[in-house]
Amino acid sequence: MKLPPVDYEAPGTLSEALDLLAEHQDEASVLAGGQSLIPLLALRLAQPTVLIDINGVEGLSGVSRTNGWVAIGATTREYVAEESQTIAESVPLLAAALPLIGHEAIRSRGTVGGSLAHADPAAELPAVARALDAEFVVQGPDGERVVPAADWFEGYLTTSRGPDELLTEVRFLAARPGTGTSFQEVARRHGDFAMVGLATSVTLNSGTITDARLAFAGVSDVPARATAAEELLEGQRPTAEVFAEAARAAAAGIDPPSDLHGSAEYRKKVAAALVRRGLREAVGNAMRGSD
Amino acid sequence: MPDITLTVNGVTRTGSPEARKTLADFLRDDLSLTGTHLGCEHGVCGACTVILDGRAVRSCLMLAVQAAGSDVTTIEGLGPDGELGELQQAMWDSHSFQCGFCTPGMVMQAAAFLGDHPEAGEPEIREALSGNICRCTGYQSIIDGVLLAVERIREGSARETA
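Since the model is a prediction, treat every value here as computed from it, not as a measurement.

Some words on the overall build of chain B
Alright, step 1. When helices and strands are tallied, chain B shows five helices and five strands.
Alright, step 2. Starting at the N terminus and walking to the C terminus, you meet the elements of chain B as β-β-α-β-β-β-α-α-α-α.
Alright, step 3. For 162 residues, the compact-globule estimate of 2.2 N^0.38 gives 15 Å, and the C-alpha radius of gyration of chain B, at 16 Å, lies within 12% of that figure.
Alright, step 4. Per-residue burial for chain B yields a buried fraction of 51% across its 162 residues.
Alright, step 5. Looking at chain B alone, contacts between residues at least 24 apart form 55% of all its contacts between residues at least 6 apart.
Alright, step 6. Accessible surface, chain B as shown: approximately 7,300 Å² in total, 49% of it carbon and sulfur.
Alright, step 7. Taking the 11 positively charged and 22 negatively charged side chains of chain B as two groups, their mean positions are separated by 5 Å.

What to know about the interface of chain B and chain A
Alright, step 1. The partner chain A presents 28 residues to the 26 residues of chain B that form the contact.
Alright, step 2. Each partner contributes to the roughly 2,300 Å² buried at the junction of chain B and chain A, and carbon and sulfur atoms together form 56% of this total.
Alright, step 3. Together, Arg20(B), Arg55(B) and Leu61(B) form the three largest contributors to the area buried by chain B at its contact with chain A, with a combined 29%.
Alright, step 4. Inspection of the chain B/chain A interface yields three salt bridges.
Alright, step 5. At the boundary of chain B and chain A, one finds eleven residue pairs in polar contact (both at pLDDT 80 or more).
Alright, step 6. When residues in the side of chain B that touches chain A are grouped by element, the largest group, four residues, is from strand β4 (residues 55–58) of chain B.
Alright, step 7. Of the residues that constitute the side of chain B that touches chain A, the class distribution is twelve nonpolar, eight polar and six charged.

What to know about the nonpolar core
For soluble globular proteins, the rule of thumb is that nonpolar side chains tend to be buried together.
Alright, step 1. Counting 35 residues, the largest nonpolar core has Leu51(A), Leu6(B), Leu23(B) and Leu63(B) as the members making the most contacts within it.
Alright, step 2. Listing elements by their share of this core, those giving two or more residues are α2 (37–42) of chain A together with β1 (4–8), α1 (23–30) and β3 (49–52) of chain B.
Alright, step 3. It is α2(A) that provides the largest number of residues to this core, a total of five residues.
Alright, step 4. The contacts of Leu51(A), once residues within four sequence positions are left out, are Val6(A), Asp7(A), Tyr8(A), Glu9(A), Ser29(A), Leu31(A), Leu37(A), Leu41(A) and Leu63(B).
Alright, step 5. Counting 34 residues, the second largest nonpolar core, distinct from the first, contains Leu98(A), Val112(A), Val170(A) and Phe183(A).

What about the side chain of Glu104(A)?
Alright, step 1. By secondary structure assignment, the location of Glu104(A) is in helix α6 (residues 104–109).
Alright, step 2. An unpaired buried charge is present at Glu104(A): no salt bridge exists, and Arg55(B), the closest side chain of opposite charge, is 5.2 Å distant.
Alright, step 3. At 2.8 Å, the side chain of Glu104(A) and the side chain of Gln109(B) are in polar contact.
Alright, step 4. Discounting chain neighbours no more than four positions away, the residues touching Glu104(A) are Arg55(B), Gln109(B), Phe113(B) and His117(B).

Comments concerning the domain arrangement of chain A
Residue and element names in this part refer to chain A.
Alright, step 1. Looking at chain A, the domain boundaries give domain 1 (7–53), domain 2 (63–172) and domain 3 (180–288).
Alright, step 2. Inter-centroid distance (C-alpha atoms) of domain 2 to domain 3 is 21 Å.
Alright, step 3. The interface of domain 2 with domain 3 comprises 23 residues on the first partner and 21 residues on the second.
Alright, step 4. The tally of links from domain 2 across to domain 3 stands at two salt bridges.

Description of the side chain of Arg225(A)
Residues and elements named next belong to chain A.
Alright, step 1. Relative to the assigned elements, arginine 225 resides in strand β14 (residues 224–225).
Alright, step 2. There is a polar contact of 2.9 Å between the side chain of arginine 225 and the backbone oxygen of arginine 130.
Alright, step 3. Among the polar contacts listed, one links the side chain of arginine 225 to the side chain of aspartate 133, at a separation of 3.3 Å.
Alright, step 4. When near neighbours in sequence (up to four residues on either side) are disregarded, arginine 225 contacts Arg130, Ala131, Asp133, Arg213, Leu214, Ala215 and Glu230.

Some points on helix α8 (residues 124–131) of chain A
Residue and element names in this part refer to chain A.
Alright, step 1. Across the eight residues that make up α8, a large majority, eight, are buried.
Alright, step 2. Every buried residue belonging to α8 is among Glu124, Leu125, Pro126, Ala127, Val128, Ala129, Arg130 and Ala131, and all of these are buried.
Alright, step 3. Two residues or fewer past α8, aspartate 133 is found with a positive phi of approximately 50°.

Comments concerning a nonpolar patch on the surface
Alright, step 1. Where nonpolar side chains cluster on the molecular surface, the patch consists of Met1(A), Leu43(A) and Leu45(A) and spans about 290 Å² of accessible area.
Alright, step 2. Along the chain, Leu45(A) falls in the loop between α2 and β3 (50–53).

Concerning the sheet that holds β3(A)
All names here are of chain A.
Alright, step 1. On the basis of which strands lie adjacent, the open sheet formed by three strands has the order β1-β3-β2 and parallel pairing. At either end of the open sheet lies a strand with only one pairing partner, and these are β1 (7–9) and β2 (28–31). Taking the axes of each pair of neighbouring strands and ignoring which way they run, one obtains an average angle of 25° across the sheet.
Alright, step 2. Where β1 meets β3, three bridges bridge the pair, whose relative direction is parallel. Considered in β3, the bridge of aspartate 7 is made with valine 50.
Alright, step 3. Each of β1, β2 and β3 touches helix α1 (residues 14–24); the most contacted strand, β3, lies at about 160° to it.

Things to note about the domain arrangement of chain B
Residues and elements named next belong to chain B.
Alright, step 1. The assigned domain composition of chain B is domain 1 (4–77) and domain 2 (80–161).
Alright, step 2. Distance from the C-alpha centre of domain 1 to the C-alpha centre of domain 2: 21 Å.
Alright, step 3. Across the contact, 16 residues belong to domain 1 and 13 residues belong to domain 2.
Alright, step 4. Between domain 1 and domain 2 lies a buried interface of about 1,200 Å² when both sides are counted; carbon and sulfur atoms form 62% of it.
Alright, step 5. Contact with domain 2 buries area across many residues of domain 1, yet His37, Thr49 and Ile75 alone supply 38% of it, more than any other trio.
Alright, step 6. Taken together, domain 1 and domain 2 are joined by zero salt bridges.
Alright, step 7. Those elements that place two or more of their residues in the side of domain 1 that touches domain 2 are β3 and β4.
Alright, step 8. Of all the elements, β3 adds the most residues to the side of domain 1 that touches domain 2, at three residues.
Alright, step 9. Partitioned by chemical class, the residues of the side of domain 1 that touches domain 2 number eight nonpolar, seven polar and one charged.

Conventions we followed
Residues numbered from 1 in each chain as written. Chains lettered and ligands numbered in written order. Predicted model: local features only at pLDDT ≥ 70, side-chain atom pairs only at ≥ 80, totals over all residues. Heavy atoms only, no water. Helix = DSSP H or I, 4+ residues; strand = E, 2+ residues; numbered from the N terminus. Rg over C-alpha atoms; globule rule 2.2 N^0.38 Å. Buried < 20%, exposed > 50% of the residue type's maximum accessible area, 1.4 Å probe, protein only. Contact = heavy atoms within 4.5 Å. Areas by Shrake-Rupley, 256 points an atom, 1.4 Å probe, with all protein chains shown as cover. Lys, Arg positive; Asp, Glu negative; His and termini not counted. Charge placed at Lys NZ, Arg CZ, Asp CG, Glu CD. Buried area = accessible area lost by both parts, 1.4 Å probe. Salt bridge = Lys/Arg side-chain N within 4 Å of Asp/Glu carboxyl O. Polar contact = N/O pair within 3.5 Å; in protein donor to acceptor, adjacent residues only side chain to side chain. Nonpolar A, V, L, I, M, F, W, Y, C, P; charged D, E, K, R; others polar. Core = buried A, V, L, I, M, F, W, Y, C linked by side-chain atoms within 4.5 Å. Domains from an automatic or database assignment. Patch = residues over 30% accessible without salt bridge, like charges linked within 9 Å, V, L, I, M, F, W, Y side chains within 5 Å. Pairing = 2+ DSSP bridges. Axes fitted to C-alpha atoms, helices over the stretch in contact; angles between N-to-C directions.

Following this line, the structure appears as C-alpha cells:
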C-alpha cells in the first residue's frame, strides 16, 4: 500500500519543531524512526495532513548518565541504545529488552522515544519504562514538563503528550546495587509483538527482597504493573514458593484480551509462567551482581 | 517537491520525490533499480531491505526524502559488474532460493549482518534473518548458503594470513 498524500516538514531545531506542532496540532504526526508510523499511514490508520520529521532536530539523540540517572534522547535509535555501554551497565532491564524489539532492520531506524510515544501496550519499551518509573521529558509552548511513567500511558496508543508538545528525552534511574532484572516474553515468532511480556526488577538486601517491580506488556491497553505481586514479594526471602505465590497474584490481577493469537485464559497462564521465570532470572542476576 | 541528493551503489543520484514516496518506490520507480522488491509494503516481510549508511533497513519504512545525504546499497550494488559477490555465490551454490521474491531482502540483510559478524554461527544467522519471510524454501537452504559464505570467508582469510 502506498502512503496517502501528506505534507512534510523537517525542522532543524527544537523551537522550529514546537512552532510546527503549535501550528498543526492534531493534524500533524511526529515522524521519528517511522517503524510504526509509516505502516499506520500505509494502512490508513493514521491520516495526518503533515509529517513533522524530527530526525534532523539537533540535540535530541544520545545517551548520557548524570546524577544517577540515564537520559536517552528521544531520537536515539534502538540499535544505538542496544550498543550503549552506559545502558548495559546502568539500566540492565532496558538492555535486556532492546534486542527483543522487532528485528535488526527495525532497530536500525526505530527510536527509543518513538516507541514510547507510540505507546503500543504490547511493546517492550513501555513495560520497561513502567517497571522502572521512567521520567518523560516533554517540551511544549509553555516550556518543559516531566511526566512520570505512571501518568504517561493513558490508553491504547495514547499518551499524555499534548498535540503541541514533543517528547524530547526519557530518563531512567540507574539500577541500585543488589538489583537484578529480567525481560521475558512469549511471542509466536521471534520479533513479533509478545502475546505477553514481562519486565522484572528485583533489589535484594541481605537476602531479602526490598524492592520488586513487575510490569506486563500485552495484557491491557497500557503497560500494567503487577502491584499485588510486588507488595507480596517485598520483605520476603526469594524462594520458589514465594515466586509461585507472586505469579498467582499477578495473574489474578490482569484481564488480558482474547484474540486469534491466544485466549485470555491462555495469556493468564503465560503471565504466571513469566512471573516465575522473570523472578528466578532477576534474583539470580541480583545475587551474581552482589558477589 | 524537495530535491534530494544521495549516493546509491557508489553513484551520486538526485531526485525530486513526493514526500509520501518511500525509499523503496524511489529506488524502483525513479532510479529504475527494481532489484529491491516490495512484498507487504508495511515493514513485515523484509523483501525491501537495503543497506543505508552501513545498516540494514526496510526501504518501505522510510521516506525517500529521509535518505537525502545517505549512502544506500541495493542488491544491484552487491555484485560489481554483474559478477556475484562472495555471499551471493555461496547462496547460489547452496540453491538457497526458489521463486526469488524474497531474495534481495534476504541477501541484503545477510550481507549487512555478515559485515558486522563475519564469524557468525547458525543461531545468530537465523535470528538475523528472522525478519525476512520466505514462502518457498523452509529457510534451511538460505541458512546453509549464509553458513557456506561464512566458511569461505574464513578459509579465504586463513589463506591470506598463511
